[in-house]
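Structure assessment
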Amino acid sequence: MTTPLVEMRNMSISFGGIKAVDHVSVDLHPGEVVGLLGHNGAGKSTLIKMLSGAYAPDGGEIFINGEKATITNPRDARSYNIETIYQTLALADNLDAASNLFLGRELVTSTGLVDDAAMEAETRKIMKRLNPNFQKFNAPVSALSGGQRQSVAIARAVYFNARILIMDEPTAALGPHETQMVSELIQQLKAEGIGIFLIDHDVHQVLNLCDRASVMKNGQLVGTVNTADVTDDDLLSMIILGKNPNEVDA
Amino acid sequence: MTDTTSQPIPPQRKSFFQQLELDTRLLGMVGAFIILCLGFDFVTEGRFLTPRNIFNLTIQTVSVAIMACGMVFIIVTRHIDLSVGALLATCSAIMAMVQTAFLPDVLGLDLGSPLIAPIAIVVGIAAGTAIGAFHGWLVGYLTIPAFIVTLGGLLIWRNVGWFLTRGQTIGPLDSNFQVFGGTNGTLGPTVSWVLGAIFAAAAVFGIWNARRAKSAHGFPVKPVWAEMVLSVVSAGAILGFIATLNAYQVPQGRLRRIFEARGETLPEGYSIGYGLPVSVLLLIVIAVLMTVVARRTRFGRYIFATGGNPDAAELSGINTRMLTVKIFALMGALCAISAIVASARLTNHTNDIGTLDELRVIAAAVIGGTALAGGVGTIHGAILGALIMQSLQSGMAMVGVDAPYQNIVVGAVLVLAVLIDIQYRKRTGDA
């Protein structure tokens, strides 16, 4: 295949002597969805937080488009067009949707003041596309439902022309209808050539949405498989037993 | 009005106040303040709401109110600053020593030189900012809790101030410096009216400009009559305040001395109002600037975002450590400005200046609706909080309540205000 959009090689990080991620390598191509699977505490979120800049790795290298990238904080990650939808959503509950969407990247007027009206207008535009039922533009996001909050977090990641999108359990708090919307969105973004890392617990969803799946257990990579080649039982045994059915090398 | 067809707004019947879209919490505070003033006025048989007492109330409030503006940002980001009173004392001591000892003795400036006051002020504000930034560095980068850093600061700066002056009262302060003290620096009726007219016009312009910006993007706006009511009320309040300050006449004895100093005699029947004190103008300017910072700058946005969810702010690429340094530095600068006002009002620096101000400032911010849990607070609320505290204190003094009882009442009011606030937030479902 072509040069990977993202290549993470031998990533390691320890917290207080525990190896949360131990020499894990994964990669991601443009227009590809790679699922990350594993038990709670397997190290999926931690691995991905090294890509989004939330954690600084102890070891390993990250290549973006084949070039070595230095990501030590979230600002670095954003400069590589890496956007993240965190499991916790990472919203400031006391601010409205527009302020959250543009947090850290506010639109300003010619005098350098924050341009709330312009940000609200942009927010209304993107929300019309993502979640047409969304109306609460002037309420703090604490007043929103789980699905509405999720759409704010998704809008934030999508709005800024992400090329690499990290989704950490994007449907965990959603009902069936909203989950369907997220699935459609993933298909649409994939068609636009965006690479997506999708962390999920739902094996079915990963088989449906992802091109490949990397499974982690106890901080180590069990293996990476093409989803077309495996059944959900294969994936489950990788997750639970840590056994790699195809011996695709890590 | 504008295009509402694309977004059908549910036809709810809104009450008068809902249509005004005012902060009901603020309305409640203003209501409480008015009831308080009317109550004291009744008990003191009309002595509370005189131009003279209102004038005194405003100049007594300025020092605490200026610091309360900074305390809002501190508390919004989930920190606290217990050192503001002590920092005020150190800044006051530094400025007093600069103008009475350092500049005349070391640089050889004559006492009364026009350079003395500006240099002292610049040095004082620089010192306050530096000390505040140092606090912020300890909190932000070394992650020592702000409570501990500023508790230490309370002990340290109170006594650094003592050492700088060797415990002496330093004064009299430079006469240009004293302009910031209140009665020694007022603008007179004419200038006050002009400023009042400018403020009123600016307030009205602000209301209509915000409306224009909203409708330009096709957002729903308030009915025109609501904007009219707001405009009239704000302009009326500003001009009424100026009229009250202008109505307080300079005492005849004081006028006679002013005229004698100029080598003239006081004309028969001459009288003039004080007008807007420079210190109050300073507070107004700071309040407007701080409100703009809070609402319309990235810095302000990041303060509130960090207060609402520090992790989210960090993940959004906000440098929350540097933000902490900036917030504490700003607090330090405001302490220095308060020190100018407080020492100028006393016409000299005393050792106990600003004692217990940290508690008044925190109480003003909290009564004004700043939530200790972070993320919520307004500048105008904190100033209103300071005004309520000061009105309580001086009203009780006028009624003849003993000092210990005054403090008991103020303490009880603080707790009660927070209780009411908690109930209010539960009721309305606010954060």
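Note that the structure is a prediction, hence the values are computed from the model and not measured.

**Let's talk about the packing of aromatic side chains**
Residue and element names in this part refer to chain A. Taken as a whole and assessed by the stated rule, the structure comprises 13 aromatic pairs over all chains. When the ring of Phe-102 is compared with that of Phe-160, the centres are 5.7 Å apart and the planes differ by 85°; the resulting orientation is edge-to-face. In this pair, Phe-102 sits in the loop between helix H3 (97–101) and helix H4 (116–130) while Phe-160 sits in the loop between helix H5 (146–159) and strand E7 (164–168), placing the two residues 58 residues apart along the sequence. Take Phe-102 and Phe-160: they sit in the same class, and that class is buried. The interplanar angle of 85° and the centroid separation of 4.9 Å between the aromatic rings of Tyr-159 and Phe-160 together place this pair among those described as edge-to-face. By relative accessible area, which is 22% here, Tyr-159 ends up partly exposed. For Phe-160, a relative accessible area of 18% corresponds to the buried category. Of the aromatic side chains, those joined through ring pairs into one cluster are Phe-102, Tyr-159 and Phe-160.

**Re empty space enclosed by the protein**
Here the structure, examined in full by the defined rule, presents three cavities of 30 Å³ or more. A volume near 120 Å³ is recorded for the largest cavity. Every element with two or more residues in the lining of the largest cavity is listed here: helix H2 (74–79) and strand E6 (82–85) of chain A together with helix H12 (310–315) of chain B. A per-class count over the lining of the largest cavity returns seven nonpolar, three polar and three charged.

**A short note on the domain arrangement of chain A**
Residues and elements named next belong to chain A. Annotation of chain A at the domain level lists domain 1 (1–81 + 162–250) and domain 2 (96–160). Once you take the C-alpha centre of each, domain 1 and domain 2 turn out to be 27 Å apart. The interface is formed by 13 residues belonging to domain 1 together with 14 residues belonging to domain 2. For the pair domain 1 and domain 2, the two sides together bury roughly 1000 Å², of which 55% comes from carbon and sulfur. On the surface where domain 1 and domain 2 come into contact, there are zero salt bridges. Across the contact surface, domain 1 and domain 2 share three residue pairs in polar contact (both at pLDDT 80 or more). Residues of the side of domain 1 that touches domain 2, tallied by class, amount to eight nonpolar, two polar and three charged.

**Observations concerning H4(A)**
The terminal C-alpha atoms of H4(A) lie 21 Å apart, and with 15 residues this matches the ideal 21 Å at 1.5 Å per residue to within 8%. Ala117(A), Ala118(A), Met119(A), Glu120(A), Ala121(A), Thr123(A), Arg124(A), Ile126(A), Met127(A) and Leu130(A) are the residues of H4(A) that are buried. The inward-facing, buried residues of H4(A) contact H3, H5 and helix H6 (176–191) of chain A together with helix H7 (188–216) and helix H11 (298–308) of chain B.

**Points about the domain arrangement of chain B**
Residue and element names in this part refer to chain B. When its domains are assigned, chain B resolves into domain 1 (46–185 + 278–428) and domain 2 (186–276). Across the contact, 13 residues belong to domain 1 and 13 residues belong to domain 2. When the two sides are added together, the surface that domain 1 and domain 2 hide from each other amounts to roughly 1200 Å², 79% of it contributed by carbon and sulfur. Counting the surface domain 1 buries against domain 2, the share from its top three residues, Pro-51, Phe-55 and Leu-281, is 40%. Where domain 1 touches domain 2, the interface holds zero salt bridges. The interface formed by domain 1 and domain 2 holds two residue pairs in polar contact (both at pLDDT 80 or more) in total. Looking at the side of domain 1 that touches domain 2, the elements with two or more residues in it are helix H3 (51–76) and helix H10 (278–296). A per-element tally of the side of domain 1 that touches domain 2 places H3 first, with five residues. Of the residues that constitute the side of domain 1 that touches domain 2, the class distribution is seven nonpolar, five polar and one charged.

**Brief notes about the nonpolar core**
Inside soluble globular proteins, nonpolar side chains tend to come together where they are buried. Ile66(B), Met71(B), Phe73(B), Phe177(B) and Ile379(B) are the most contacted members of the largest nonpolar core, which has 85 residues in total. With 15 residues, H3(B) is the largest single contributor of residues to this core. Structurally, this core is a two-domain feature, drawing no fewer than three residues from each of domain 1 (46–185 + 278–428) and domain 2 (186–276) of chain B. The contacts of Ile379(B), once residues within four sequence positions are left out, are Cys69(B), Val72(B), Phe73(B), Ala287(B), Met290(B) and Thr291(B). Of all hydrophobic cores here, the second largest spans 48 residues; its members include Val33(A), Ala97(A), Val203(A) and Ile239(A).

**What about the interface of chain B and chain A?**
Of the residues lining the interface, 25 residues belong to chain B; the matching set on chain A comes to 29 residues. At the boundary of chain B with chain A, total buried surface from both sides reaches about 2300 Å², with 58% on carbon and sulfur atoms. Among the residues chain B hides against chain A, the three largest losses belong to Arg296(B), Arg301(B) and Leu315(B). Together they make up 29% of the total. Inspection of the chain B/chain A interface yields two salt bridges.

**Re unusual backbone geometry**
Note the cis peptide between Gly171(B) and Pro172(B), where omega equals -5°. Relative to the helices and strands, Pro172(B) resides in the loop between helix H6 (146–165) and H7. The backbone of Asn218(A) sits at a positive phi, close to 50°, despite the residue not being glycine. Tracing the sequence through the fold places Asn218(A) in the loop between strand E9 (212–217) and strand E10 (220–226). For Asn218(A), a relative accessible area of 59% gives the class exposed.

Cut-offs and rules
Residues numbered from 1 in each chain as written. Chains lettered and ligands numbered in written order. Predicted model: local features only at pLDDT ≥ 70, side-chain atom pairs only at ≥ 80, totals over all residues. Heavy atoms only, no water. Phe/Tyr/Trp six-rings, centres within 6.5 Å; stacked < 30°, edge-to-face > 60°. Helix = DSSP H or I, 4+ residues; strand = E, 2+ residues; numbered from the N terminus. Buried < 20%, exposed > 50% of the residue type's maximum accessible area, 1.4 Å probe, protein only. 1 Å grid on protein atoms, 1.4 Å probe; cavity = no way out; pocket = protein on both sides within 12 Å on 5 of 7 lines; lining within 4 Å. Points joined across faces, edges and corners; volume = space filled by probe spheres on them. Nonpolar A, V, L, I, M, F, W, Y, C, P; charged D, E, K, R; others polar. Domains from an automatic or database assignment. Contact = heavy atoms within 4.5 Å. Buried area = accessible area lost by both parts, 1.4 Å probe. Salt bridge = Lys/Arg side-chain N within 4 Å of Asp/Glu carboxyl O. Polar contact = N/O pair within 3.5 Å; in protein donor to acceptor, adjacent residues only side chain to side chain. Expected span 1.5 Å × (residues − 1). Core = buried A, V, L, I, M, F, W, Y, C linked by side-chain atoms within 4.5 Å.

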